[in-house]
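Structural overview for review
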Amino acid sequence: MKRAVPVVLALMFGVSAPSHAHRPGTGDREQDVGEPKISFAFYGELEDEDDLYVLHLDFDEGFALPFEILVPRRAKWEDHRPVFAIVGPGLPAPTQAELDLLPREVPAGAGVFFEPNDDAERELIFETFTRRVFWTSGPIAVALGEGEHEVWVFSPDGSTGDFVLGFGVEEDFSGVGCGDLTSDWATYAY
Amino acid sequence: MLTSACLLGVLALGPNEEAAAGPPPELTREQGAAAPEARRGVRWWDTPMGHPSRFSAGAHVESQLVGLSFGLRPELLYRPFRATRGFNLRVGVGLLGGPEFFYLPVDVGWRQHFVPHRILTLELGAGYEQQSFFVPQLGAITRAAFYAEGGVAFRVISRGWLGVQATGSYAPFARPGPGLGLRLGFRWNFGR
């Protein structure tokens with residue numbers, strides 16, 4: 001009994017590994033995000049080397065938004081490295097190397113923030129809503145100006161597989177009903 | 001659903017051992033005054049608090065659907081009031097493993113067995129659950145949650161029930177998230 005007490009306490013208050021909670025969602029390959037400040041996890045699958053997802057974000061005012069891209073930790077996706085590029089006003093001009101990798105032409109007057117997701121050792125996280133383990137590029141805050149932006153998700157090296165794009169800061173799970181979760185459960189579940 | 005409810009009601013109205021035994025004999029005023037020990041024998045606190053008849057043990061095979069894992073869920077039930085009634089305090093531990101983590105939930109709560117002396121009983125419960133996830137290459141992730149459960153049990157032998165349950169949980173504080181599991185298992189009543 002004396003030994004059990006510290007074990008129980010350690011389990012209750014033990015060191016916690018990084019874990020995240022975002023509002024989950026799926027959708028078409030090109031879609032509008034109504035409230036980009038809401039913490040959001042967009043689930044998708046890159047099915048071939050030319051596959052591309054485009055999310056449209058519209059800001060009434062400048063805002064620094066954290067982004068990260070995650071891949072479910074499965075052996076078959078160990079080499080799957082999807083990337084994302086944010087295209088919009090006020091962002092730096094892309095380098096030639098970035099332009100060579102981008103799947104589309106950058107609109108005139110727009111800049112690009114490019115996340116190459118090329119860290120040798122990717123961080124692991126435990127997503128607490130779906131109880132899934134992911135590799136993550138690591139969250140990075142990007143200062144976005146007022147206006148329309150696009151987030152492109154693609155795989156420059158042609159790898160295919162599932163991904164999750166996480167962004168936003170405000171926790172808001174209102175409106176996420178059981179129907180939404182159960183209808184898309186095959187996407188969220190292992 | 002209506003048909004199922006009717007069937008449940010018919011089965012619940014099965015043999016009733018207490019009714020078959022008849023009502024306890026009534027004492028006259030003189031008999032009651034002369035034999036207070038006999039009157040006290042029908043009170044629930046006459047059964048010692050540690051008597052085996054107050055305890056039940058269960059073992060279930062469980063599958064967690066939120067975060068895939070499978071394993072065992074042993075539990076201990078204690079009836080603090082009438083040993084023959086359905087109000088139970090419950091302590092349970094889960095030992096489940098899956099492709100992404102090992103899961104160790106510890107429950108403390110309440111479970112009610114409705115019509116506990118019938119062949120078919122309805123079970124409902126709720127309580128607190130401390131959930132611990134052990135992920136390879138990550139530290140232990142623990143969180144506080146609350147659970148609710150419901151199921152039915154069928155008495156297969158005099159003191160043993162075979163049952164199925166569904167259990168849901170939600171962790172509302174740090175590291176929030178839901179849980180959903182299904183159990184199939186056996187419960188044994190000690191004592192009488």
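In what follows, the accompanying structure is described. As the structure is a computational prediction, the values presented were derived from the model and not from experiment.

Take the overall build of chain B next. Helices and strands together make up the secondary structure of chain B, namely 4 helices and 9 strands. When its helices and strands are written in sequence order, chain B yields α-α-α-α-β-β-β-β-β-β-β-β-β. When each of the 192 residues of chain B is scored for burial, the buried share is 40%. Taking the intrachain contacts of chain B between residues at least 6 apart in sequence as the baseline, contacts between residues at least 24 apart amount to 52%.

This part covers the overall build of chain A. Helix and strand counts for chain A come out as 4 helices and 13 strands. When burial is assessed residue by residue, chain A has 46% of its 190 residues classed as buried. Look at the contacts in chain A between residues 6 or more apart in sequence, and 76% of them connect residues 24 or more apart.

This part covers the sheet that holds strand E5 (residues 53–59) of chain A. All names here are of chain A. Strands sit in the order E3-E5-E12-E7-E8 across an open sheet of 5 strands; the sheet is mixed. The two strands at the open ends of the sheet, each matched to only one other strand, are strand E3 (30–33) and strand E8 (111–115). Mean inter-strand twist for the sheet, computed between neighbouring axes without regard to direction, equals 20°. In this structure, strand E7 (residues 83–88) lies alongside strand E12 (residues 147–154), joined through 5 bridges in antiparallel fashion. Counterpart to Ala85 in the pairing with E12 is Trp152.

With respect to the element layout, Ile125 of chain A can be found in strand E9 (residues 123–127). Spatially, the C-alpha atom of Ile125 of chain A lies 34 Å from that of Glu105 of chain A, the residues being 20 residues apart in sequence.

Moving on: the pairing of E9 of chain A. Residues and elements named next belong to chain A. Among the 5 residues in E9, 4 count as buried, and that is most of the element. Relative to strand E10 (residues 132–136), E9 runs antiparallel, the two sharing 5 bridges. The partner of Phe126 across the bridge, within E10, is Val133. What sits between the antiparallel neighbours E9 and E10 is a turn of 4 residues, in which Arg131 has the positive phi angle 55°.

Taken together, the side chains of Asp32, Asp58, Asp60, Glu146 and Glu148 of chain A present a region of like negative charge at the surface. Along the polypeptide, Asp58 of chain A turns up in strand E5.

Further remarks concern the nonpolar core. Looking at soluble globular proteins, one finds that nonpolar side chains tend to be buried together. All names here are of chain A. Ranked by internal contacts, the top residues of the largest apolar core, which has 22 residues, are Leu57, Phe67, Phe84, Ile86, Leu165 and Phe167. When contributions to this core are tallied by element, the ones reaching two or more residues are strand E4 (40–46), E5, strand E6 (63–72), E7, strand E11 (140–144), E12 and strand E13 (161–167). Examining the composition of this core, we find that 4 residues originate from one element, E5, more than from any other. Setting aside chain neighbours within four positions, we find Leu57 in contact with Val33, Pro36, Leu65, Phe67, Gly147, Glu148, His149, Val151 and Phe167.

Looking now at the pattern of salt bridges. For the structure shown, the criterion picks out 14 salt bridges over all chains. When the shortest N-O distance is used, the salt bridge between Arg132 of chain A and Glu100 of chain B registers 3.0 Å. With Arg132 of chain A in strand E10 and Glu100 of chain B in the loop between strand E4 (95–97) and strand E5 (102–114), the pair connects residues from two separate chains. Residue classification places Glu100 of chain B among the buried positions, given a relative accessible area of 6%. For Glu149 of chain B, the salt bridge goes to Arg183 of chain B, with nearest N and O atoms at 2.9 Å. With a gap of 34 residues between them, Glu149 of chain B in strand E7 (residues 140–157) and Arg183 of chain B in strand E9 (residues 177–189) connect regions that are remote in the sequence.

Let's shift gears to the pairing of E5 of chain B. Residue and element names in this part refer to chain B. Note that strand E3 (residues 87–93) and E5 share 7 bridges and pair antiparallel. Its bridge partner being in E5, Val93 is matched across the sheet by Val106. The pairing of E4 with E5 spans 2 bridges and is antiparallel. In the strand pairing of E5, Gly97 is matched with Phe102. Between E4 and E5, which pair antiparallel one after the other, the connecting turn spans 4 residues. Counting the residues in the hairpin turn of E5 and strand E6 (residues 120–134) gives 5 residues, including Val115, whose phi is positive at 45°.

Okay, the environment of Glu61 of chain A next. Residue and element names in this part refer to chain A. Along the chain, Glu61 falls in the loop between E5 and E6. You can call Glu61 partly exposed: its relative accessible area is 46%. The spatial distance from the C-alpha of Glu61 to the C-alpha of Gln96 is 29 Å, given a sequence separation of 35 residues. Leave out the neighbours within four places in its chain, and Glu61 touches Lys37 and Glu146.

Cut-offs used in this document
- Residues numbered from 1 in each chain as written.
- Chains lettered and ligands numbered in written order.
- Predicted model: local features only at pLDDT ≥ 70, side-chain atom pairs only at ≥ 80, totals over all residues.
- Heavy atoms only, no water.
- Helix = DSSP H or I, 4+ residues; strand = E, 2+ residues; numbered from the N terminus.
- Buried < 20%, exposed > 50% of the residue type's maximum accessible area, 1.4 Å probe, protein only.
- Contact = heavy atoms within 4.5 Å.
- Pairing = 2+ DSSP bridges.
- Axes fitted to C-alpha atoms, helices over the stretch in contact; angles between N-to-C directions.
- Patch = residues over 30% accessible without salt bridge, like charges linked within 9 Å, V, L, I, M, F, W, Y side chains within 5 Å.
- Areas by Shrake-Rupley, 256 points an atom, 1.4 Å probe, with all protein chains shown as cover.
- Salt bridge = Lys/Arg side-chain N within 4 Å of Asp/Glu carboxyl O.
- Lys, Arg positive; Asp, Glu negative; His and termini not counted.
- Charge placed at Lys NZ, Arg CZ, Asp CG, Glu CD.
- Core = buried A, V, L, I, M, F, W, Y, C linked by side-chain atoms within 4.5 Å.

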